[in-house]
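Overview (structure and organization)
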Amino acid sequence: PRKSLAWFTLTKLSLKQMSNMNYTINGLKKVAGYISDNLMLEKHDNIIVGLSGGADSSCLLFLICRLIENGAIPECNVHAIHINHGIRGEEAERDEAASETFAHSLGVDFKAYHMDIPKLSRETGLSEEEAGRNECFRAFAVEHSKLTGTYLRKYKIAVAHNANDRAETYIFNLTRGAGLKGLSGIKPVNGDIIRPILCLSRDEIENICHENKISFVTDSTNNEDIYTRNFIRHKIIEPLANINEMA
């Protein structure tokens, strides 16, 4: 049976604090339920969290740690992995440092992987976006193999896709002429890959970060519409959201 999160409000927050933590409390409840409903974790699983330093992955790591700490999800060991794509120079170094600091503040092991995605993109003919995504999951697989061999336990790879990403993926696949399978969007669980905050919107995530004073970095390339997903986000999703608000 799913464990109630009433204990969180009683043991961690005063009544005054509770009034300013609505997004956090609701987020904890939603994510705990989503993990349980989708059978993402078992006791003694270990979790490799992809940590970019941005709002999504920082919120993911924070919520997982809090839920484990309070027994709302199975007891697991958590490891944070950061991928430095070698694209944004000093900004990328800033993101790595911020990720390491945040992981250590939560008592989580941290490891960074360094890659030259522009070079790999040229060599493979893939876009930097696609090459970066492929190398990211390759690094997760390498770390998964190392840690599984060391600890002889099952590992899950937690990535920080949210509800907005699901909508973007649906539109992306639609424009490529995907069939019904492709239009199903992002799955909560895909083999060893889990997406615990797929149930949260970007607004909910940023509010959780704000309530808990979680500093996060912003990737400047997120504002560049030369990347397909950014174009979908800025030119399609955001106008649709405005239409919905006016309806």
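On a predicted model such as this, the values are computed, not experimentally measured, just so you know. (Residues numbered from 1 in each chain as written. Predicted model: local features only at pLDDT ≥ 70, side-chain atom pairs only at ≥ 80, totals over all residues. Heavy atoms only, no water.)

In terms of helices and strands, the chain carries 10 helices and 6 strands. The burial tally for the chain puts 45% of its 247 residues in the buried class. Put simply, of all contacts in the chain between residues at least 6 apart along the chain, 74% involve residues at least 24 apart. Carbon and sulfur atoms form 52% of the exposed surface of the chain, whose accessible area is close to 13,200 Å². (Helix = DSSP H or I, 4+ residues; strand = E, 2+ residues; numbered from the N terminus. Buried < 20%, exposed > 50% of the residue type's maximum accessible area, 1.4 Å probe, protein only. Contact = heavy atoms within 4.5 Å. Areas by Shrake-Rupley, 256 points an atom, 1.4 Å probe, with all protein chains shown as cover.)

Take the sheet that holds strand 1 (residues 46-50) next. The mixed open sheet is built from 6 strands, whose spatial order is 3-2-1-4-6-5. A strand with exactly one partner marks an edge of an open sheet, and here the two such strands are strand 3 (109-114) and strand 5 (189-190). Across 4 bridges, strand 1 lies against strand 4 (residues 155-158) in parallel orientation. Opposite I48, over in strand 4, you have I157 as the bridge partner. Against the sheet, helix 4 (residues 55-69) makes contact with strand 1, strand 2 (77-84) and strand 4, and its axis sits at roughly 160° relative to strand 1, the strand it touches most. In this fold helix 5 (residues 90-105) packs onto strand 2 and strand 3, with an angle of close to 175° to the strand it touches most, strand 2. (Pairing = 2+ DSSP bridges. Axes fitted to C-alpha atoms, helices over the stretch in contact; angles between N-to-C directions.)

Counting residues in hydrophobic clusters, the biggest one holds 41 residues, and the most contacted among them are L61 and L63. For this core, the elements supplying multiple residues, two or more each, are helix 3 (22-37), strand 1, helix 4, strand 2, helix 5 and helix 9 (202-211). Here this core gets 10 residues from one element, more than from any other, and that element is helix 4. Leaving out residues up to four positions away in the same chain, L63 has contacts with L28, V31, I197, L200 and I208. Core analysis: the next-biggest nonpolar cluster, separate from the first, contains 15 residues, I48, I81, I117 and V159 among them. (Core = buried A, V, L, I, M, F, W, Y, C linked by side-chain atoms within 4.5 Å.)

All right, on to the environment of K111 then. Topologically, K111 is positioned in strand 3. Looking at K111, the relative accessible area reads 31%, which means it is partly exposed. It is 7.9 Å that separates the C-alpha atoms of K111 and E100, two residues lying 11 residues apart in sequence. The residues contacting K111, other than those within four sequence positions of it, are A80, I81, H82, E143 and K146.

Our focus in this paragraph is the pairing of strand 1. Most of strand 1 sits out of view: 5 of its 5 residues are buried. Alternating residues of strand 1 divide into N46, I48 and G50 and I47 and V49, and every residue in both groups is buried. Alignment of strand 1 against strand 2, held across 5 bridges, turns out to be parallel. Within strand 2, the residue paired with G50 across the bridge is I81. Handedness of the crossover is the feature at issue here: the chain leaves strand 1, passes through helix 4, returns alongside strand 2, and the resulting connection is right-handed. (Right-handed = clockwise from strand over helix to strand, strands pointing away.)

On to the packing of helix 3 against helix 9, then. With their axes 8 Å apart at the nearest point, helix 3 and helix 9 run at an angle of 120° to one another. If you check the angle between helix 3 and helix 9, you find them oblique. Taken as a pair, helix 3 and helix 9 cross one another with a handedness that is left-handed. Between helix 3 and helix 9, the residues in contact are N22, Y23, T24, G27 and K30 and E204, N207, I208 and E211, respectively. Of the residues in the contact of helix 3 with helix 9, the class split is 2 nonpolar, 4 polar and 3 charged. (Parallel < 35°, antiparallel > 145°, perpendicular 65-115°, else oblique. Left-handed = near helix turned anticlockwise from the far one by under 90°. Nonpolar A, V, L, I, M, F, W, Y, C, P; charged D, E, K, R; others polar.)

Relative to the assigned elements, C65 resides in helix 4. On the accessibility criterion, C65 (10% relative accessible area) is buried. In sequence terms C65 and V78 are 13 residues apart; their C-alpha atoms lie 7.8 Å from each other. Contact partners of C65, with chain neighbours within four places excluded, come to L106 and V108.

Right, let's get into the pattern of salt bridges. As enumerated under the stated definition, the model contains 8 salt bridges in all. A salt bridge links E135 to R138; its shortest N-O distance comes to 2.9 Å. With E135 and R138 both in helix 7 (residues 128-151), this residue pair falls 3 residues apart, about one helical turn. On the basis of relative accessible area, E135 is assigned to the buried category, the value being 16%. Among the residues examined, R138 registers a relative accessible area of 43% and is labelled partly exposed. When salt bridges with common partners are traced through the structure, they connect D56, R202 and E206 into a single cluster. (Salt bridge = Lys/Arg side-chain N within 4 Å of Asp/Glu carboxyl O.)

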